[in-house]
Amino acid sequence: MRRTRTRLAGALAGLVLAATALAAVAAPAQAASLTMVTGFGSNPGNLAMYAYRPDNLPSGAPAVVLLHGCAQNASGYFTNSGWQKYADQWRFALIVPEQRSTNNSSSCFNWFETGDTTRGQGEALSIKQMVDHARSSYGIAANRVYVSGLSAGGAMSATMLAVYPDVFAGGSVIAGMPHRCATSMVNAFSCMSPGVDKTPAQWGDLVRSAHPGYSGARPKVAIWHGTSDYTVATANATESRDQWTNVLGVSQTPTGTRQLPAGTSVEVYGNDLVRVHRVSGMGHGTPVDPGSGADQCGTAAAYFLDTICSTYHDAVFFGLNGGVTPSPTPTTSPSPTASPSPTLSPSPTASPTCVTASNYAHVSAGRAYHSGGYAYANGSQQRMGLYNTFHTTTLRQTAPNHWTIGC
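Residues numbered from 1 in each chain as written. Predicted model: local features only at pLDDT ≥ 70, side-chain atom pairs only at ≥ 80, totals over all residues. Heavy atoms only, no water.

**Student:** Account for the side chain of R241, naming residues and giving values.
**Tutor:** Of note, R241 is situated in helix 9 (residues 235–247). If near-sequence neighbours (up to four positions away) are discounted, R241 is found in contact with I223, Q252, Y269 and V276. (Helix = DSSP H or I, 4+ residues; strand = E, 2+ residues; numbered from the N terminus. Contact = heavy atoms within 4.5 Å.)

Printed below as a string of structure tokens:
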């Protein structure tokens, strides 16, 4: 472009250059895109790192790590899974590791190799280093990092939750397997199908031994599986449920069930610490639902199956929407409307609006959200303490959906 301008007459060149300078000043910032990142750490697993940061990402924003399946790559998973839509809408970053064919000829994460699924080693450490880089370079919140993956990526997602419970506040295992279901290529296939049957305690011990002595909060877990998945047997959804309910200390009997679109059933365990989604008739892939609706996302493609937007439901489960009550759970709506006149209606007329309740009640009412076992006030994001019925907090409303601690 500059060479063209130099051929113009002096006066005209001056005008063009001046106009160009003004345009450069007025030009908007370049739109965010998935970008390769180098130098994020020692990278013992020899993985590639990609990152997506929405424009003007605020400091202290959450982040989600996305782990693709076999025969996939970072760009394809980022493009088709629908996560970009909610990252832009709700302002969080995406970290997208990519497997190299030199590590695995099918580009699968090596979820079955102990050297890659042990704390401080291999691919698991490479992924953790990517999170560390995002925290130090992008200002990502240390307590609001999540992970989600499909198939081999789903199994690696389970591994990241097991070996780094101090890094991840929650995760999603899509058509995957429990952590340490297999320890070599030889038994990986039998783990995939027909699956491995262990007791909940045996599965739980595999997670607890991944970080011996750890006594902190454990991440919440969402599990997704198609009822017609013949690549990774549906038994793995139940085994994964047994593993994570045992680790989180809750019963293997659901505390509630409900129906979502596309024939999807949801089983909720404990205090919404584990969710199991079974998508009727779906095969092997990530559930997506192309469209412009609030709960629609993604692009139908190989291993991206047009059923339901799992990304939307996981993002809400993780609290990435700021604690707004999700539309698929209308059962919580009647509570505010069942007794609004006598209880909630007078509150907004007071100055200021103050509510004292358990942290669990605050989250249920939409005044707060929970992450990593703790409750956070909507808007101010102030940490309120443990997310349970025994910890009481007074919150003050200072603006719509904005609460602060104290009154």
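Now, onward.
**Student:** Outline the state of the cysteines, supporting the account with residue identities and numerical values.
**Tutor:** Inspection of the entire model under this criterion finds 3 disulfides. The partner cysteine of C70 in its disulfide is C108, sulfur to sulfur 2.0 Å. Since a negative S-S torsion denotes a left-handed disulfide, the C70-C108 link at about 125° is right-handed. Taken as a pair, C70 in the loop between strand 3 (63–67) and helix 3 (74–81) and C108 in the loop between strand 4 (93–98) and helix 5 (122–138) lie far apart in primary sequence, 38 residues in all. C70 sits in the partly exposed class, given a relative accessible area of 26%. Look at C108 and you get buried, because its relative accessible area is 9%. Disulfide partner of C181: C191, at an S-S distance of 1.8 Å. Negative torsions about the S-S bond denote left-handed disulfides, and the value of about 125° found for C181 with C191 makes this one right-handed. (Disulfide = S-S within 2.5 Å. Buried < 20%, exposed > 50% of the residue type's maximum accessible area, 1.4 Å probe, protein only.)

**Student:** Provide a residue-level description of the environment of T299, including the pertinent values.
**Tutor:** Assignment of secondary structure puts T299 in the loop between strand 11 (286–288) and strand 12 (304–306). For the pair formed by T299 and Y77, sequence separation is 222 residues and the distance between their alpha carbons is 10.0 Å.

**Student:** Before we move on, can you summarise the packing of aromatic side chains with the specific residues and values?
**Tutor:** For the structure on display, the rule yields 9 aromatic pairs. Taking 4.6 Å as the distance between ring centres and 10° as the angle between the ring planes, the aromatic pair formed by Y146 and F318 counts as stacked. Of this pair, Y146 sits in strand 5 (residues 145–150) while F318 sits in the loop between helix 10 (310–317) and helix 11 (334–338), and the two are 172 residues apart along the sequence. With respect to burial, Y146 and F318 carry one shared label: buried. Counting every residue linked through ring pairs, the aromatic cluster contains Y86, W90 and Y312. (Phe/Tyr/Trp six-rings, centres within 6.5 Å; stacked < 30°, edge-to-face > 60°.)

**Student:** Explain the nonpolar core to me, and be specific about the residues and the numbers.
**Tutor:** If you look at the biggest cluster of nonpolar residues, it comprises 45 residues, and the most contacted ones within it are M49, V65, I95, I140, Y164, F168 and W244. The greatest single-element share of this core, amounting to 7 residues, is contributed by helix 5. Discounting residues that sit within four places of it in the chain, W244 has contacts with A158, L161, A162, V207, V221 and V274. Within the second largest apolar cluster, 37 residues are counted, among which are V64, A222, W224 and C297. (Core = buried A, V, L, I, M, F, W, Y, C linked by side-chain atoms within 4.5 Å.)

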